[in-house]
Amino acid sequence: MSLTGLVAALIADDGTTDWPRRVPDRLETVLSTMPVGARAGMRAAARAVDAYALARTGRTLAGLTARERQSVVAGLTARPALLPLLDLLKVPVLLSAGTERMLEEGTTRSVLTRKDPPLDLTPASAWPACSTADAVVVGSGAGGAVAARSLARAGLDVLVLEEGSHHSTESFGRRAPLERFTELYRDGGATFALGTPPLLLPVGRAVGGTTLVNSGTCYRTPDHVLSRWSRHFGWTAADEFDRHLDEAERLLRVATQPLDVLGANGRLALAGAGALGWRAAPLRRNAPGCQGSCQCVAGCPTGAKHSVQLSVLPEACAAGARIVTEARVERVLVDTDRPGGPRAAGVRVRREQDGGAFDILAPLVVVAAGALQTPQLLRRSGLGGHPRLGHNLSVHPATSVAGRFAEPVKAWQGVLQSVGVEEHHGAGILIEATATPPGMGSFVLPGAGGELRRELEGVDRLATLGAMIADRPAGRVLGRRRTVVRYDLDRRDAGRLLRAVLAMGELLFAAGAEEVLTGIPRTPRVRSLAELRDVLAGTSARRLHLSAYHPTGTAAAGASPERFPVDPQGRLRGVHGVVVADASVLPSCPQVNPQLSVMAAALAIMENHTRAIVSR
Amino acid sequence: MSAATTSRVHQGRRSATRGTVFDETMLGTLRLDGEHHEHHEHHEHRDGPDGPDGPDGRDGRDRDRRDRRIRLDLTVSADRVMRPWGTTEARAAGRVRITGLADDPNAEGELEISPLARRRIRYRIAFTAGGRRLTLDGWKSVSPRRPVASMTVLPFTLYADGAPMGTGTLRFPLSTQLLPFLASFRFPRPHEPGAVLASRWRGEPGRTEVWYTTVTDPDTGSGLWLHHELTAPVDGSQPYAHGWAAVFPEDGPVRHARFGPVPWSGAEPGFDAGEVASRPGRLSGSADEGALHWDIAERPAGEPLFTFPRWSWNRPLLPATHMLPAARSRYDGTFTHDGRTLTLSGVPGASARIYGHGNARRWAWLHADLGDGDVLEVVAAVSTRPGLRRLPPMVFLRLRRQGRDWPRRPERGAVGWAGAGRFRADTALPTWRVTGRTALRRIRVEVTQPADRTLVLDYTDPDGRHATCRNSERADAHVLLERWWFGGWRTEAEWTLDGTAHAEVGTR
């Protein structure tokens, strides 16, 4: 089933330029990395559109002229009920189209800021069938890297197991962002949360975990959140967080982003906030020497962003830790017949390359597979007995809005996530000026056919803002193997999202935008704040394009054994020798980008363990 | 739980439970780190990239060159009966052979056998190769999907001083090794020679209990007999301890002397009667006002041997029962008689125990050390009980050969199948005989006790009646063991003991 016809119809390929012709091939590559369901859905939709064209004109899309295709698309877009579905179809098409268009215009070569520090890496295919260690860390993201560093520095023989591969900064520089994008994310970036509305929930999968593909924004956990974790949930580790946050900031070399490479997108956000008198400032980031490549989400090509594989993991390896890549942990091995209760004995690892399995025996297993994978791994291991395991998922639902300006903005030249607007943070809304390479952001350009093509051609005049809201934990991670997430947006959070759209529109108009693209399929454009208010009054959050980031809380730590699967020291309840040290332990939404919070949590948990080891 | 705790628990249960012993042989290959590279380069240099071998041929030959063959022959023993659904910690000892690297017959290590609970059978075997201590560590990961493969394939890593030096795979060859493996399973009782030396007597009247030791000194041809006896008379009068020591020199008449009787104290483990004592590991005493005195250390060198059924020792339902705390022992020390001192240095012999109501109506006894760890123990007896005394002698014959006891159960020789096929004894002197056969084996034992090498003694039973015993620690014996093989009997083993058999015949 060829997607050529669909692509040609959606982006109005009239044959005047070359790049649209290459989009179908690019789209095929993108789809090949996505989960079966997403692939099948895409192809079924393409068939349905073809069938519609056949019924209307007697021929499929591929056999039509540009004009005829336009009339078919116009027929589709005239049906408002189809618009959200059409938007879903557009996401991978825009991703491919954006990349091809960018390649057509030519890219600037990135300059390495420094050589990658060395790591002790072994692919799973070269790992022996039987090996032992003092501790095994599952996952090499923010939590796993810190855990490995702490344990290795305490003198333990530590193995870090990472399902993804290792990618060097140099390798990022050699390839287009999209080519990297599909490799660095789980399911090619198409992880979805089922629910009303469905959410796109991309998570990284590589040495470095999601820190490899995040925007580098480093917020300290707000004090009111910490005091809630400690007082309401009895997670006493939060009391020590200040010290651990300092340590995490030092490790990542966190500093306020200088204005020189901020980019027009960030400067417009600052200008808008300045006009309104709102609190706004360049973000604190872990990217000293950032050159504004605007490719954070596909791996920093200059090495300026201090993801954990460039900062924490090298320290862990220097202390003796080893990293096994392409190694998916099938299950935690549990000796159920130990006196005193079941005890972890190691892990069964499946090689990504050939599907073969091997065991690593270790008395301590640190699970840091991320909030979506940790509950599934524990369930696969027969450790999913706690009724709250996998529940309590917070995701930071987010939406984005674009403003069209008279002058070119070229949002993709500068820092990807540059400015934070904290005016509404007290109300649970954090606005961040976020621009991505074309097509990679969560903002979906409106229209289809000729309209979409015009938007694509005029994309350099758009500035985009994103807002994420502090949500109630309304999600669940289901299943044992496939990532199955259910998330039903809380009514309060739906209101917050609409307020966030309004605030972003206000900011963009204040910055001088001629028009604001709302992301709402039926009313995609507004030209004034009053019009935006009217539109929002008549819409619900379900009509917004939502994505979600920062999943947390699925194996929450806390004092109550009934409510929290993990105890305040990070130990999984009901088994000895299993420690959880990733975003899953955060008992509620951290309300800010969580990298520092996750690292501080891992530091606190591991400090407790290494102290116990040293005193033994 | 730590390994130390595990072993404590096992030790606590040791006296109550049987153990497990089995043999396992595995074959496989080992690839040392770094060897791959070396050989590959060498190969390419020889054939060149355009050599006659295709990639497959080259790979195959390279593999042959790189891989070393490894063979593991292990005897695994655990302190309790293996529970397939639980976890059994076991010791392993045996031989490790690696082509061109190691051949260590004294490899030792441990096994964690947990096919269901932990789904893992782990081997950690340490051995020496070229002066270096190496450790083989690996485990079978038992999977219900592939039960046979996962129970027979053992991937392992080889460590030198804790650093990995190679990896390999061992396989249990089902076709050739399954039957020997299954047949090798034994569930032995824990071996504690000291425990059976404690007195069995619990205060009942009409009992006799004996600790006796017989020794042969191969250098001088002399025999020794130390007999320690506790008698609790039937009339309920005070129990007393007594006994005798006898020496059977090659060049002179038998010399013996009695000691006791003294009141039984029963305080010590073993036998204790004033100057004379038989305790675990030590025999000492004097008799005939110091004319005979001895101080001998005993080193058990074998598993216990129950001449009568084991149950009869644990539950005294038979008129009497006989057993050896260790089938063989070694003795060091001195035995002095009339100014002559016999110095013993690792000489063979055995101690035995008797407990019961008294002596038989008629009996014959043989202890023959057949060499190479093999032992033959025979007791043929006619009971004094009414009815039973009319029966022919019951023969309890135990041949321990290559670690196995034959017949498998002591009852087999004594009663056969309701009398049919029982072993026969003719206890006339000077030469008495025992014969017997099982399905595929038969034995013929001839014991000669020349009168000049025999000591005649008077025994007193708890009921006050007397028996006469003719004992020799320098008897001759001839043992012929045959096996049935396609229509005929073939000699399986034959032993001739010239003056080193220990024998006795008693009558009333």
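Here's what I pulled together on the structure shown here.

About the thresholds
- Residues numbered from 1 in each chain as written.
- Chains lettered and ligands numbered in written order.
- Predicted model: local features only at pLDDT ≥ 70, side-chain atom pairs only at ≥ 80, totals over all residues.
- Heavy atoms only, no water.
- Helix = DSSP H or I, 4+ residues; strand = E, 2+ residues; numbered from the N terminus.
- Buried < 20%, exposed > 50% of the residue type's maximum accessible area, 1.4 Å probe, protein only.
- Contact = heavy atoms within 4.5 Å.
- Areas by Shrake-Rupley, 256 points an atom, 1.4 Å probe, with all protein chains shown as cover.
- Pairing = 2+ DSSP bridges.
- Axes fitted to C-alpha atoms, helices over the stretch in contact; angles between N-to-C directions.
- Phe/Tyr/Trp six-rings, centres within 6.5 Å; stacked < 30°, edge-to-face > 60°.
- Lys NZ or Arg CZ within 6 Å of the ring centre and 35° of its normal.
- Salt bridge = Lys/Arg side-chain N within 4 Å of Asp/Glu carboxyl O.
- Core = buried A, V, L, I, M, F, W, Y, C linked by side-chain atoms within 4.5 Å.
- Buried area = accessible area lost by both parts, 1.4 Å probe.
- Polar contact = N/O pair within 3.5 Å; in protein donor to acceptor, adjacent residues only side chain to side chain.
- Nonpolar A, V, L, I, M, F, W, Y, C, P; charged D, E, K, R; others polar.

Here we come to the overall build of chain B. For chain B, the helix and strand inventory stands at seven helices and 30 strands. Looking at chain B as a whole, 50% of its 508 residues qualify as buried. In chain B, the share of contacts with a sequence separation of at least 24, taken over all contacts with a separation of at least 6, comes to 56%. Accessible area for chain B stands at about 24,100 Å²; split by element, carbon and sulfur atoms hold 52% of it.

Turning next to the sheet that holds strand 14 (residues 364-367) of chain A. All names here are of chain A. Judged by pairing direction, the sheet is parallel, and its six strands sit side by side in the order 1-10-4-3-14-24 without closing on themselves. Bordering the open sheet on either side are strand 1 (121-123) and strand 24 (578-580), each of which pairs with just one other strand. With direction set aside, neighbouring strand axes in the sheet form an average angle of 20°. Examined bridge by bridge, strand 3 (residues 135-138) and strand 4 (residues 158-161) share four bridges and lie parallel to one another. By the bridge assignment for strand 4, A135 is matched with V158. Packed on one face of the sheet, helix 6 (residues 142-153) meets strand 3, strand 4 and strand 14 and runs near 165° to strand 3.

Before going further, it helps to spend a moment on the pairing of strand 20 (residues 484-487) of chain A. Residue and element names in this part refer to chain A. Judged by which residues are buried, strand 20 turns out to be one-sided: V485 and Y487 face inward and are buried, whereas V484 and R486, on the alternate face, are not. When strand 19 (residues 475-478) meets strand 20, the two strands line up antiparallel, connected through four bridges. The residue bridging V477 from the neighbouring strand is V485, located in strand 20. The hairpin turn running from strand 19 into strand 20, its antiparallel successor, is five residues long, and G479 in that turn takes a positive phi close to 80°.

Next up on the list: the packing of aromatic side chains. Here the structure, examined in full by the defined rule, presents 22 aromatic pairs over all chains. Seen from their ring centres, A:F233 and A:F564 are 5.8 Å apart, and the 75° between their planes marks the pair as edge-to-face. One end of the pair, A:F233, is in the loop between helix 9 (223-231) and helix 10 (241-252); the other, A:F564, is in the loop between strand 23 (547-548) and strand 24, with 331 residues separating them in the sequence. For the residue pair A:F233 and A:F564, the accessibility class agrees, reading buried in each case. Between B:W225 and B:W244, the ring centres sit 5.6 Å apart and the planes meet at 80°, which makes this aromatic pair edge-to-face. Separated by 19 residues along the polypeptide, B:W225 in strand 10 (residues 222-232) and B:W244 in strand 11 (residues 240-248) bring together distant segments of the chain. Looking at B:W225, the relative accessible area reads 1%, which means it is buried. A network of ring pairs unites the aromatic residues B:F22, B:F172, B:F181, B:F185 and B:F187 as a single cluster. If you follow B:R200 out to its NZ or CZ, it ends over the ring of B:W313, 5.7 Å from the centre. In this structure, B:R200 packs its charged tip against the face of B:Y355, placed 5.3 Å from the ring centre.

Residues and elements named next belong to chain B. The sheet contact formed by strand 11 and strand 12 (residues 255-263) spans seven bridges and is antiparallel. Counted as the bridge partner of A241 is V262 from strand 12. Hairpin connection of strand 11 to strand 12: six residues between the antiparallel strands.

A few words on the pattern of salt bridges. One pass over the structure, following the stated rule, counts 72 salt bridges over all chains. A salt bridge links A:E163 to A:R205; its shortest N-O distance comes to 3.1 Å. You can see A:E163 sitting in the loop between strand 4 and helix 7 (169-174) and its partner A:R205 sitting in the loop between strand 6 (199-200) and helix 9, a full 42 residues away along the chain. Judged by relative accessible area, which is 13%, A:E163 ranks as buried. Here B:D405 makes a salt bridge to B:R400, at a shortest N to O gap of 2.7 Å. Linked by salt bridges that have partners in common, A:D335, A:D337, A:R338, B:E112, B:R118 and B:R120 make up one network.

Residue and element names in this part refer to chain A. Within the element layout of this structure, T436 appears in the loop between strand 17 (429-434) and helix 14 (450-457). By relative accessible area, T436 is classed as buried at 18%. When residues no more than four places from it in sequence are discounted, the contact partners of T436 are C294, W412, L416 and G441.

Sheets are built from strands that pair by backbone hydrogen bonding, the pairs being arranged parallel or antiparallel. Residues and elements named next belong to chain B. Read around the closed barrel, eight strands run 1-2-3-4-5-6-7-8, paired in antiparallel fashion. The average undirected angle you get between the axes of adjacent strands in this sheet is 30°. Sheet topology places strand 5 (residues 120-129) next to strand 6 (residues 132-141); 10 bridges connect them, and they run antiparallel. Paired with F127 across the bridge in strand 6 is L134.

Note: most peptide bonds trans; most residues except glycine with negative phi. Following B:G260, the chain continues into B:P261 via a peptide bond in cis, with omega recorded as -5°. Among the structural elements, B:P261 can be located in strand 12. Put simply, B:L429 and B:P430 share a cis peptide bond, and its omega is 5°. Unusually for a residue other than glycine, A:E326 sits at a positive phi of about 55°. Mapped onto the elements of the fold, A:E326 is located in the loop between strand 10 (322-325) and strand 11 (327-335). The phi angle at A:Q591 is positive, at roughly 70°, despite the residue not being glycine. If you trace the backbone, A:Q591 turns up in the loop between strand 24 and helix 17 (595-615).

It is worth spelling out the nonpolar core at this point. Residues and elements named next belong to chain A. In terms of nonpolar packing, the biggest core is built from 85 residues, with W235 and V347 touching the most fellow members. Ranked by residue count, the leading element in this core is helix 17, at 10 residues. Ignoring anything within four residues of it in the chain, the contact list for V347 reads V136, V138, L161, V329, R331, V332, L333, F358, D359, I360 and V365.

Glancing now at the interface of chain A and chain B. Each partner contributes residues to the interface: chain A has 17 residues there, and chain B has 18 residues. For the pair chain A and chain B, the summed buried area comes to about 1,300 Å², and 50% of that belongs to carbon and sulfur atoms. When the buried surface of chain A facing chain B is broken down by residue, A:C130, A:D337 and A:L361 rank first, second and third, together holding 38% of it. For the interface between chain A and chain B, the tally reads three salt bridges. Across the pair A:D335 and B:R118 runs a salt bridge, and its minimum N-O distance is 3.5 Å. Inspection of the region where chain A meets chain B yields eight residue pairs in polar contact (both at pLDDT 80 or more). Contributions of two or more residues to the side of chain A that touches chain B are made by strand 2 (130-132), strand 11, strand 12 (343-351) and strand 13 (357-361) of chain A. For the side of chain A that touches chain B, a count of residues per class yields nine nonpolar, three polar and five charged.

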